[in-house]
Amino acid sequence: MDNYRASVMMVLAMAGFAMEDMFVKLLSARLPIGQILALLGVLGMSVFWLRLRRAGHALFTRDLMRPVLIIRNAGEVVGAVGFVSALILTDLSSTSAILQAAPLMIMLGAWLFLGEKVGWRRWLAIAVGFVGVMLIVKPGMSGFQPLSVLAVIGVAGLAARDLATRRVPAGIPSDQLSASAFGWMIPTGIILDTALGAPWVTLSPLNAAQLFGAMVMGVSAYSALVIATRVGEASVIAPFRYSRLIFALIIGIAVFGERPDALTLIGAAIIAGAGGFAMWREVVAGRRKLATMPPSGS
């Protein structure tokens, strides 16, 4: 029953994230990218700051100056700027498909920077997954969209964020990590639009509703994701992460009139299959490691 509940919550979380992406893309019809990032930063930081206060924790502490947290937030900024830029400038469906390669990038980064062991099966999954990314980006082909590279940069940034998170001391609250990451988005958005010479605009009632929708969907999806990962087995819920791609394809076609080509659909299927297999193998490897550990007290 717990795994069933966790699976449902994971699907709801992915649907929420896809809806958040939809609202961000709708906002981009009138607002510059930096303003969108800054406003989302203000709202996100406020939500997690309130959660911290309710739990009796402070937002600003010396922990935020730790190098690992600075690296984590820098990765968050690169990931957000890359992903949101790709979301605005390219198709929602292709951007979401490339995003699904994040677990493979994290696995590669864990081997490179954290010294984690990666078996040949997971190496194969990483290689196959990046073939899927290439099918979507289409470098050297007539359908090549240079701006799709922004999504790849976003994936690299989010992978760096998650790798740094593994080295964050357990005593630092998760809500503080989230609040500080959103806080970094505020100056990032201001600097970005200043550099681009993009003037900010006054929010219309429709823009305000879209921004509110993005916040509600994002926070709700995050909460559902936490529930799913806490009550369900990782090997059971991992494949349901890729339901986000299905929701993105539906929204892209129904809301934005996108028509993904055959290579994009094939690439998306390859990424989802390779990523799901790699996560399953990671769970299997973790269980074997636990099985070989001596009993406590021995």
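### As for the overall build of the chain
At step 1: Secondary structure summary: the chain contains 12 helices and 0 strands in total.
At step 2: When its helices and strands are written in sequence order, the chain yields α-α-α-α-α-α-α-α-α-α-α-α.
At step 3: For 298 residues, the compact-globule estimate of 2.2 N^0.38 gives 19 Å, and the C-alpha radius of gyration of the chain, at 19 Å, lies within 12% of that figure.
At step 4: With the C-alpha coordinates aligned to their principal axes, the bounding extent of the chain is approximately 65 × 55 × 40 Å.
At step 5: The 298 residues of the chain split such that 47% are buried.
At step 6: A separation threshold of at least 6 residues defines the contact pool for the chain, and within that pool the share at least 24 residues apart is 87%.
At step 7: Carbon and sulfur atoms provide 69% of the accessible area of the chain, an area that totals close to 14,800 Å².
At step 8: Mean positive and mean negative side-chain charge positions of the chain (24 and 14 charges, respectively) differ by 6 Å.

### Side note on the nonpolar core
At step 1: Of all hydrophobic cores here, the largest spans 41 residues; its most connected members are Val-24, Ile-36, Leu-40, Ile-98 and Val-155.
At step 2: Top element by residues in this core is helix 3 (residues 67-89). It accounts for 6 residues.
At step 3: In this view, Ile-36 contacts Val-24, Leu-27, Ser-28, Leu-31 and Ile-88; residues no more than four positions away in its chain are not counted.
At step 4: Core analysis: the next-biggest nonpolar cluster, separate from the first, contains 11 residues, Met-9, Met-10, Ala-13 and Ile-237 among them.

### Brief notes about the packing of helix 4 (residues 92-99) against helix 11 (residues 243-256)
At step 1: Running from N to C, helix 4 and helix 11 point in directions that differ by 170 degrees, and their axes come no closer than 8 Å. The pairing of helix 4 with helix 11 is recorded here as roughly antiparallel in orientation. Between helix 4 and helix 11, the contacting residues are Leu-92, Ser-93, Ser-96, Ala-97 and Leu-99 on the first element and Arg-244, Leu-245, Ala-248, Leu-249, Ile-251, Gly-252 and Phe-256 on the second.
At step 2: Considered class by class, the residues forming the contact of helix 4 with helix 11 number 8 nonpolar, 3 polar and 1 charged.

### Focus on helix 9 (residues 205-231)
At step 1: Across its 27 residues, helix 9 extends 39 Å between first and last C-alpha, which sits within 8% of the 39 Å expected from 1.5 Å per residue.
At step 2: All buried positions along helix 9 are accounted for by Asn-207, Gln-210, Leu-211, Gly-213, Ala-214, Gly-218, Ala-221, Ala-224, Leu-225 and Ala-228.

### Comments concerning a nonpolar patch on the surface
At step 1: Taken together, Tyr-4, Val-8 and Leu-12 make up a surface patch of nonpolar side chains, about 320 Å² in accessible area.
At step 2: You can see Leu-12 is positioned in helix 1 (residues 2-27).

### Describing helix 7 (residues 149-165)
At step 1: With 17 residues, helix 7 ought to run about 24 Å at 1.5 Å a step, and its terminal C-alpha atoms sit 24 Å apart, in line with that.
At step 2: Of the residues making up helix 7, those classed as buried are Ala-151, Gly-154, Val-155, Gly-157, Leu-158, Ala-159, Arg-161, Leu-163 and Ala-164.

### Section: the packing of aromatic side chains
At step 1: For the structure shown, the criterion picks out 3 aromatic pairs.
At step 2: Their ring planes at 90 degrees and their centres at 5.2 Å tell us that Phe-48 and Tyr-222 sit as a pair that is edge-to-face. With Phe-48 in helix 2 (residues 33-54) and Tyr-222 in helix 9, the pair connects residues that are 174 residues apart, well separated along the chain.
At step 3: By relative accessible area, Phe-48 is classed as buried at 4%.
At step 4: The class for Tyr-222 is partly exposed, based on a relative accessible area of 22%.
At step 5: Measuring from centroid to centroid gives 4.8 Å for Trp-111 and Trp-123, while their planes differ by 85 degrees, and the two rings are edge-to-face. Of this pair, Trp-111 sits in helix 5 (residues 102-113) while Trp-123 sits in helix 6 (residues 120-137); the two residues are 12 residues apart in sequence, bridging distant segments of the chain.
At step 6: For Trp-111, a relative accessible area of 41% corresponds to the partly exposed category.
At step 7: Classification of Trp-123 as partly exposed rests on a relative accessible area of 29%.

### Considerations on the environment of Ile-190
At step 1: With respect to the secondary-structure elements, Ile-190 resides in helix 8 (residues 174-196).
At step 2: Separated by 156 residues in sequence, Ile-190 and Gly-34 have C-alpha atoms that sit 6.0 Å apart.

### Let's talk about the environment of Ile-186
At step 1: Topologically, Ile-186 is positioned in helix 8.
At step 2: For the pair Ile-186 and Gln-100, spaced 86 residues apart in sequence, the C-alpha separation works out to 26 Å.
At step 3: Excluding residues that lie within four positions of it along the chain, Ile-186 makes contacts with Ala-38, Gly-41, Val-42 and Met-45.

### Notes on the side chain of Glu-258
At step 1: Following the sequence through the fold, Glu-258 ends up in the loop between helix 11 and helix 12 (262-292).
At step 2: Look at Glu-258: it is buried, it has no salt bridge, and the nearest opposite charge is Lys-25 at 4.8 Å.
At step 3: If we ignore the near neighbours within four places in the chain, the residues touching Glu-258 are Lys-25, Asp-91, Leu-92, Ser-93, Gly-252 and Ile-253.

Thresholds applied
- Residues numbered from 1 in each chain as written.
- Predicted model: local features only at pLDDT ≥ 70, side-chain atom pairs only at ≥ 80, totals over all residues.
- Heavy atoms only, no water.
- Helix = DSSP H or I, 4+ residues; strand = E, 2+ residues; numbered from the N terminus.
- Rg over C-alpha atoms; globule rule 2.2 N^0.38 Å.
- Buried < 20%, exposed > 50% of the residue type's maximum accessible area, 1.4 Å probe, protein only.
- Contact = heavy atoms within 4.5 Å.
- Areas by Shrake-Rupley, 256 points an atom, 1.4 Å probe, with all protein chains shown as cover.
- Lys, Arg positive; Asp, Glu negative; His and termini not counted.
- Charge placed at Lys NZ, Arg CZ, Asp CG, Glu CD.
- Core = buried A, V, L, I, M, F, W, Y, C linked by side-chain atoms within 4.5 Å.
- Axes fitted to C-alpha atoms, helices over the stretch in contact; angles between N-to-C directions.
- Parallel < 35°, antiparallel > 145°, perpendicular 65-115°, else oblique.
- Nonpolar A, V, L, I, M, F, W, Y, C, P; charged D, E, K, R; others polar.
- Expected span 1.5 Å × (residues − 1).
- Patch = residues over 30% accessible without salt bridge, like charges linked within 9 Å, V, L, I, M, F, W, Y side chains within 5 Å.
- Salt bridge = Lys/Arg side-chain N within 4 Å of Asp/Glu carboxyl O.
- Phe/Tyr/Trp six-rings, centres within 6.5 Å; stacked < 30°, edge-to-face > 60°.

Purely geometric stuff here, so don't read any function into it on its own.
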